[in-house]
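# Notes for the structure review
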Amino acid sequence: MTTFDCLVPRPVGVTPAPGRFVLDAGTTLAADAGAASAARWLRQVLGAATGLALPPSTVDARIELRVDQGVVREAEGYRLEITPEVVRVTAADAAGAFYAAQTVRQLLGPDAFRAANVHSGGWSLPCGVVVDRPRFGWRGCLLDVARHFMPKNALLRFVDLLAAHKLNVLHLHLTDDQGWRMEIKRYPRLTEVGAWRHGSRVGWRRDDSHDGRPHGGFYTQADLHEIVAYAAERGVTVVPEIDVPGHVQAALAAYPELGNTGERLDVWPLWGVSENVLNMSDSTVKFFQNVFDEVVDVFPSPVVCIGGDEVPTVQWQRSPEARRRAAELGLADVTELHGWFLRQMAERLADHGRRVLGWDEMAEGAMPEGAIVASWRGEEAGAMAAAEGYDVVMCPEQHVYLDHRQSEHPDEPVPVGFLSTLQDFYRYDPLPAGLDAATAHRVLGSQAQVWTEHLDSPRRVDYAAFPRLVAFAEVVWSPREARDLADFERRLAEHHLPRLDALGVEYRPLTGPLPW
Ligand code: TNX
């Protein structure tokens, strides 16, 4: 029999009471307009897992969900009251109602996470009151679908997994040197050419620099509309990233006129950062403004990521056109073209009412107005930008990179980066010590990163992301003072891993043989 002690992430407050609420064929479910998507979702998942239809009812519903900001004020917050007679959810907004529904599913036990009913013991919830709200508004996860394409169904499933952990941003890294994954109607070669990487002629070889395998795939705009709508129903905003002006070799393979050398390039078959960057001509600016016009048509997210990371400047240094261009724009030297180009993109996105997110290299130049900094090379750039009045998402590679190795065990997949254990993830805090309160509110939250150079399938993504993403979810959701590693490890082992098992998530086991 479950108790409130099973919840992950841990809620803000719980007051248990005696008794249980029993679900049976007579249990009805009703919601007001604000909570309609939460009710749809609950009926769908519990319908499958329990076989109970939970029909709607206009009078005397036994489970009722509603949005009332007079009762619950904090964004995404909810109050869940369970008595032997009723389950009553009051939420601040649709997301809050959805998170209450997620909490209800956890309270029903691991079999409530299955796709069909295998449970013979009946279904019940513990009585009491849960009061809950997130610590941060940006609770994100980046998935790199550029290095390795993940099929649409894998993305829909990933959205479900984020939502199950009360995470609310899916940052989709759609383009890089190694692949372009979003259909752009005006420039079809971006996917006709840019979505496909050739294998190495010397055969398949797996090492740190490349895997030698042919690889490809892309999402049509219809696919992306579907993913966005599916995510929105689950409280998840999809933040698209088109990475410029570096990490663009796949685009250059498709449209060589965007480059600096005139050379015919392949979609890059190696990992790491290509020296091939965009030229800074008016036509290149126009090209990418047109690309971002299509991006905003597909993604309603108020924030669009323009990349801006790791931009080698050697080609600009060598190019007379680039030097002339910098002079003509009144820039001190070609390195300032990087910031200039990002500002051109940001201005176009501002015309569409969107803010830009950029990796912290963006903060080395004059920043676009209203830009948000993704602080990845540590937290200093983020702390500095926050002090200057910019909003920040903390993504430090030392703490929240899910491609990084989980142990020193020789059976771990290609070990990248720093050692980042489950416990390291749990101990991370997005607010660096010493940040004053006036600056702290600029930290919108944090985001974990799944870079996929060495994760070539959804199975590998599961292994890298779980259970560390579970720890991360508690870091960004639960109050700082409620965090307790030993208690988290207990809830994880006793209650949460069985849920992931029921969902078919191939997480890294805590003990025992590793699957690779
Ligand atoms: C750095 S984080 C990158 C990615 C790589 C990652 C590998 C960032 C903005 N750039 O392009 O995939 O390291 O860990």
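Residues numbered from 1 in each chain as written. Predicted model: local features only at pLDDT ≥ 70, side-chain atom pairs only at ≥ 80, totals over all residues.

## Considerations on unusual backbone geometry
- Cis peptide bonds are those with omega within 30 degrees of zero, and the linkage from V8 to P9 qualifies with -5°.
- By the secondary structure assignment, P9 is in the segment before β1 (13-23).
- Of note in this structure, E76 is not a glycine but carries a positive phi near 70°.
- Position of E76 relative to the elements: it lies in the loop between β3 (63-67) and β4 (78-82).
- Positive phi, close to 55°, is recorded for H247, a residue that is not glycine.
- Relative to the assigned elements, H247 resides in the loop between β13 (237-244) and α6 (249-254).
- In this structure H247 comes out as buried when scored by C-beta crowding, with 27 C-beta atoms within 10 Å. (Helix = DSSP H or I, 4+ residues; strand = E, 2+ residues; numbered from the N terminus. Buried ≥ 20, exposed ≤ 12 C-beta atoms within 10 Å, placed from the backbone.)

## Topic: the pairing of β3
- Where burial is concerned, the two faces of β3 differ: the one with I63, L65 and V67 is buried and the one with E64 and R66 is not.
- Pairing of strand β2 (residues 29-31) with β3, which is carried by three bridges, proceeds in the parallel orientation. Within β3, the position partnered with A31 by the bridge is L65.
- Regarding the hand of the β-α-β motif, the stretch spanning β2, helix α1 (residues 36-50) and β3 is left-handed. (Pairing = 2+ DSSP bridges. Right-handed = clockwise from strand over helix to strand, strands pointing away.)

## With respect to the nonpolar core
- Counting residues in each nonpolar core, the largest one holds 160 residues, and the members touching the most others are A38, A97 and A100.
- Among the domains, domain 1 (4-132) and domain 2 (138-503) are the pair contributing at least three residues each to this core.
- Aside from chain neighbours lying at most four places away, what touches A100 is A38, L65, Y78, L80, V89 and A91. (Core = buried A, V, L, I, M, F, W, Y, C linked by C-beta atoms within 7 Å. Domains from an automatic or database assignment. Contact = placed C-beta atoms within 7 Å.)

## Topic: the sheet that holds β13
- The strand order β7-β8-β13-β14-β15-β16-β17-β18 describes a closed barrel built from eight strands, whose pairing is parallel. On average, each strand axis in the sheet is tilted by 30° relative to the strand beside it, whichever way the strands run.
- By the bridge criterion, three bridges tie strand β15 (residues 355-359) to strand β16 (residues 372-375) in an arrangement that is parallel. Across the sheet, residue W359 finds its bridge partner in β16, namely A374.
- Sheet strands touched by helix α15 (residues 468-477): β7 (138-144) and β18 (443-450). Its angle to β18, the strand with the most contacts, is close to 175°. (Axes fitted to C-alpha atoms, helices over the stretch in contact; angles between N-to-C directions.)

## Considerations on the UniProt feature "domain: Beta-hexosaminidase bacterial type N-terminal" (unreviewed entry) in the protein chain
- If you check UniProt for "domain: Beta-hexosaminidase bacterial type N-terminal" (unreviewed entry), the listed places come out as residues 7-132 in our numbering.
- Secondary structure within residues 7-132 divides into 23% helix and 31% strand; the distance between the first and last C-alpha atoms comes to 11 Å. (UniProt positions renumbered as here; feature names shortened; annotations may be inferred.)

## With respect to helix α7 (residues 282-298)
- Helix length check: α7, at 17 residues, gives a terminal C-alpha distance of 25 Å against a target of 24 Å (1.5 Å per residue), a fit within 8%.
- By the burial criterion, the buried members of α7 are T284, F288, V291, F292, V295 and V298. Taken down its axis, α7 places every buried residue within 110° of arc, on the same side. Structural note: α7 exposes D282, S283 and K286 on the side pointing more than 90 degrees away from its buried face.
- In this fold, the buried residues of α7 make contact with α5 (221-233), β13, β14 (303-307) and α10 (337-351). (Expected span 1.5 Å × (residues − 1). Arc of directions from axis to C-beta.)

## Focus: the domain arrangement of the protein chain
- Split into domains, the protein chain comes out as domain 1 (4-132) and domain 2 (138-503).
- Using C-alpha coordinates to define each centre, domain 1 is positioned 34 Å away from domain 2.
- Each partner contributes to the interface: domain 1 provides 17 residues, whereas domain 2 provides 23 residues.
- Here the side of domain 1 that touches domain 2 takes five residues from helix α2 (residues 94-107), the largest share from any one element.
- For the side of domain 1 that touches domain 2, the per-class residue count stands at ten nonpolar, three polar and four charged. (Nonpolar A, V, L, I, M, F, W, Y, C, P; charged D, E, K, R; others polar.)

## Description of the pairing of strand β8 (residues 169-173)
- With five of its five residues buried, β8 lies for the most part within the structure.
- Of the two faces of β8, the one holding V169, H171 and H173 and the one holding L170 and L172 are both buried throughout.
- The pairing of β7 with β8 spans five bridges and is parallel. Residue pairing in the sheet places L142 in a bridge with H171 of β8.
- Running through helix α3 (residues 152-164), the crossover from β7 to the neighbouring parallel element β8 is right-handed.

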